[in-house]
Amino acid sequence: EVQLVESGGGLVHPGGSLRLSCVTSGFRFDMFSMSWVRQAPGKGFEWVSGINLEGGSTFYADSVKGRFTISRDNAKNTLYLQLNNLKTEDTAMYYCAAVRRRWCSRSLDTYEYWGQGTQVTVSS
């Protein structure tokens with residue numbers, strides 16, 4: 001059974017930090033590129049960041065570039081997202097997603113596996 005389980009979300013003040021994790025099982029993690037995707041209240045899904053299957057290349061949406069850092073540990077089948085200098089507009093449910101390609105995609109309909117999400121709320 002394929003599982004992607006996100007954790008690490010929470011309530012933080014603007015300027016704060018969080019580290020999200022996505023622990024996976026049931027598929028060859030090292031054969032999948034991974035992304036983080038978010039959905040803010042009342043809005044559509046937004047691709048946030050992606051990493052290729054080896055972990056050597058990372059990509060970011062302009063809205064988070066310089067503040068978020070994506071990484072992966074293929075030995076632990078785990079994806080991470082470090083969120084720094086959080087803003088109120090970062091409030092969203094954050095999902096990890098997997099696609100069996102060498103390179104990640106910003107097109108959300110290409111992703112084969114999704115987690116259930118972890119809530120990030122940024123508020124003063």
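This text gives an overview of the structure that appears in the document. (Residues numbered from 1 in each chain as written. Predicted model: local features only at pLDDT ≥ 70, side-chain atom pairs only at ≥ 80, totals over all residues. Heavy atoms only, no water.)

**A look at the nonpolar core**
Using the following cut-off: The set of buried Ala, Val, Leu, Ile, Met, Phe, Trp, Tyr and Cys residues whose side-chain atoms join them within 4.5 Å is what this entry labels a nonpolar core. Under the scheme applied here, a residue whose accessible area is under 20% of the maximum for its type counts as buried, over 50% as exposed, and between as partly exposed, the area being computed with a 1.4 Å probe on protein chains only. To qualify as a helix, a DSSP run of H or I must reach at least 4 residues; to qualify as a strand, a run of E must reach at least 2; elements of each kind are numbered from the N terminus. Residue contacts are defined here by distance: any two heavy atoms, one from each residue, within 4.5 Å place the two residues in contact.
Of all hydrophobic cores here, the largest spans 34 residues; its most connected members are M34, W36, F68, L79, L81, L83 and Y94. At the level of secondary structure, the elements contributing two or more residues to this core comprise strand 3 (18-25), strand 4 (33-39), strand 5 (45-51), strand 7 (68-73), strand 8 (78-83), strand 9 (92-99) and strand 11 (118-122). Residue contributions to this core peak at six residues, all from strand 9. Ignoring sequence-local partners within four residues, the contact set of L81 consists of L18, R19, L20, W36, V48, S49, F68, T69, I70 and Y94.

**Structural notes on the side chain of S49**
Using the following cut-off: Polar contacts, as counted here, are pairs of nitrogen or oxygen atoms within 3.5 Å of one another; within protein the pair requires one atom able to donate a hydrogen and one able to accept it, and residues that are adjacent in sequence qualify only if both atoms are side-chain atoms.
Residue placement: S49 occurs in strand 5. Within the local environment of S49, its side chain forms a polar contact with the backbone oxygen of F59, the two atoms lying 2.9 Å apart. Once residues lying within four places of it in the same chain are set aside, the contact partners of S49 are M34, S35, W36, F59, Y60, I70 and L81.

**Quick look at the sheet that holds strand 8**
The strands that make up a sheet are held in pairs by hydrogen bonds between backbone atoms, and each pair lies either parallel or antiparallel. Test applied: Any two strands between which DSSP finds at least two bridges are classified as paired. As a rule, the C-alpha atoms of each element are fitted with a line to give its axis, helices using only the stretch in contact, and angles between N-to-C directions run from 0 to 180 degrees.
If you walk across this open sheet you meet the four strands as 1-3-8-7, and the pairing is antiparallel. With partners counted over all chains shown, the strands left at the sheet margins are strand 1 (3-7) and strand 7, one partner each. On average, each strand axis in the sheet is inclined to that of its neighbour by 15°, with strand direction left out of account. In this sheet, strand 8 lies alongside strand 3 in antiparallel orientation, the contact comprising six bridges. The residue bridging L18 from the neighbouring strand is L83, located in strand 8.

**Here we look at the state of the cysteines**
As a reminder of what qualifies: A pair of sulfur atoms, both from cysteines and within 2.5 Å, is called a disulfide here.
Under the defined criterion, the tally for this structure stands at one disulfide. The disulfide partner of C22 is C96, and the gap between their sulfur atoms is 2.0 Å. Judged by the sign of its S-S torsion, about 55°, the cystine formed by C22 and C96 is right-handed. Of the two residues, C22 is situated in strand 3 and C96 in strand 9; the sequence distance between them amounts to 74 residues.

**Some points on the pattern of salt bridges**
Counted only if it meets this: Basic side-chain nitrogens of Lys or Arg form a salt bridge, by our definition, when they fall within 4 Å of a carboxyl oxygen of Asp or Glu.
By the definition in use, this model includes six salt bridges. Note that D90 is salt-bridged to R38, the shortest N-O span being 3.0 Å. Of this pair, D90 sits in the loop between strand 8 and strand 9 while R38 is found in strand 4, placing the two residues 52 residues apart along the sequence. Using a relative accessible area of 6% as the deciding quantity, one classes R38 as buried. The salt bridge partner of R102 is E54, with a shortest N-O separation of 2.9 Å. Of this pair, R102 sits in the loop between strand 9 and strand 10 (113-114) while E54 sits in the loop between strand 5 and strand 6 (58-60); the two residues are 48 residues apart in sequence, bridging distant segments of the chain.

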